[in-house]
Amino acid sequence: ERAALITYISQFAKEQTHLHFDVPNIEEVIIYNGNPITEFLDISTFQPEVPMDKPYFYSIGDVLEKKNFESLVKMMKEIPDYNLIISGSNQKPYGDEIRALIRALNLENQVFLTGRVSELGKQFFMKNCTAFLFPSIGEGFGLPPIEAMRFKKPVFLSNLASLPEIGGDAAFYWENFDAHYMKNILFEKLKLFQNDP
């Protein structure tokens, strides 16, 4: 109530603020986050602790319900020729749910949780992945997709929250989280990406 100006990281964040707060009639400005990857590191020294025996998809973020990682794990049951690597703190209850789902689907040799990674590790996984996957349902902005774009990777997002605003026409989108549908969109758009001069 004492502010003279309010800034937001996305139009979505502005809309959510107006939905939940009584916002005073003052100037409001949207200032998008910049890309935190400003330089490429020498990743040749990084030694991953997960198998690199197959091409892989990558995702990163705290393992929380809003990140919707279970949709990726279920999709991987239909994609035996690829691995999935997910980085980020996974010590909360949802991390246990993801580990249980991986076991239930017998994907222990295909889906890997690295826990937190260094900047070097993040850049290694982003640079070498086949695609970056981020099916989050609750982002105010979402930095990882634009970080992956720095490596010229195809980026797949949910069509929820701020992600369509942030990804624009530089990303591909899932409209629902059915495993078969997600797999089909992934490979259809991967082919399109690879054939785009």
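Below: a short report on this structure. As the structure is a prediction and not an experimental result, all values here were calculated from the model.

Ranked by size, the top nonpolar core spans 26 residues in total, and within it F57, M75, M76 and L133 carry the most contacts. Where this core is concerned, the elements lending two or more residues are helix 2 (69–76), strand 4 (83–87), helix 3 (93–104), strand 6 (131–134), strand 8 (172–174) and helix 7 (179–195). Among the elements that line this core, the one with the most residues is helix 2, at five residues. Ignoring sequence-local partners within four residues, the contact set of M76 consists of F57, Y82, N83, L84, L107, Q110 and V111.

Read across the open sheet, the six strands follow the order 5-4-3-6-7-8; overall the sheet is parallel. In the strand order of this sheet, the two ends are held by strand 5 (111–115) and strand 8, each with one partner. Averaged over all pairs of adjacent strands, the angle between their axes in this sheet comes to 25 degrees, without regard to strand direction. Summarising the sheet, strand 3 (residues 56–60) and strand 4 pair through five bridges and their orientation is parallel. Across the sheet, S59 pairs through a bridge with I86, a residue of strand 4. The sheet strands contacting helix 2 are strand 3, strand 4, strand 5, strand 6 and strand 8, and the helix crosses strand 4 at an angle near 165 degrees.

Right, let's get into the packing of aromatic side chains. Going through the model one piece at a time under the given rule, you end up with 14 aromatic pairs. Relative to F125, the ring of F46 has its centre 5.7 Å away and its plane inclined at 80 degrees; by these criteria the two rings are edge-to-face. Of this pair, F46 sits in the loop between strand 2 (27–30) and strand 3 while F125 sits in helix 4 (residues 119–128), and the two are 79 residues apart along the sequence. Judged by relative accessible area, which is 17%, F46 ranks as buried. Between Y82 and F187 the ring centres are 5.5 Å apart and the planes differ by 65 degrees, which places this aromatic pair in the edge-to-face class.

Turning to unusual backbone geometry, a few remarks are in order. The backbone phi angle of N68 is positive, close to 60 degrees, even though this residue is not glycine. Relative to the helices and strands, N68 is located in the loop between strand 3 and helix 2. Its identity is not glycine, yet N106 carries a phi of approximately 55 degrees, on the positive side. Along the chain, the position of N106 falls in the loop between helix 3 and strand 5.

Between helix 2 and helix 3, the shortest axis-to-axis distance is 10 Å and the interhelical angle comes to 10 degrees. Judged by the angle between their axes, helix 2 and helix 3 are roughly parallel. Contacts between helix 2 and helix 3 involve F69, E70, V73 and K74 from the former and Y94, I98, L101 and I102 from the latter.

About the cut-offs
- Residues numbered from 1 in each chain as written.
- Predicted model: local features only at pLDDT ≥ 70, side-chain atom pairs only at ≥ 80, totals over all residues.
- Heavy atoms only, no water.
- Core = buried A, V, L, I, M, F, W, Y, C linked by side-chain atoms within 4.5 Å.
- Buried < 20%, exposed > 50% of the residue type's maximum accessible area, 1.4 Å probe, protein only.
- Helix = DSSP H or I, 4+ residues; strand = E, 2+ residues; numbered from the N terminus.
- Contact = heavy atoms within 4.5 Å.
- Pairing = 2+ DSSP bridges.
- Axes fitted to C-alpha atoms, helices over the stretch in contact; angles between N-to-C directions.
- Phe/Tyr/Trp six-rings, centres within 6.5 Å; stacked < 30°, edge-to-face > 60°.
- Parallel < 35°, antiparallel > 145°, perpendicular 65-115°, else oblique.

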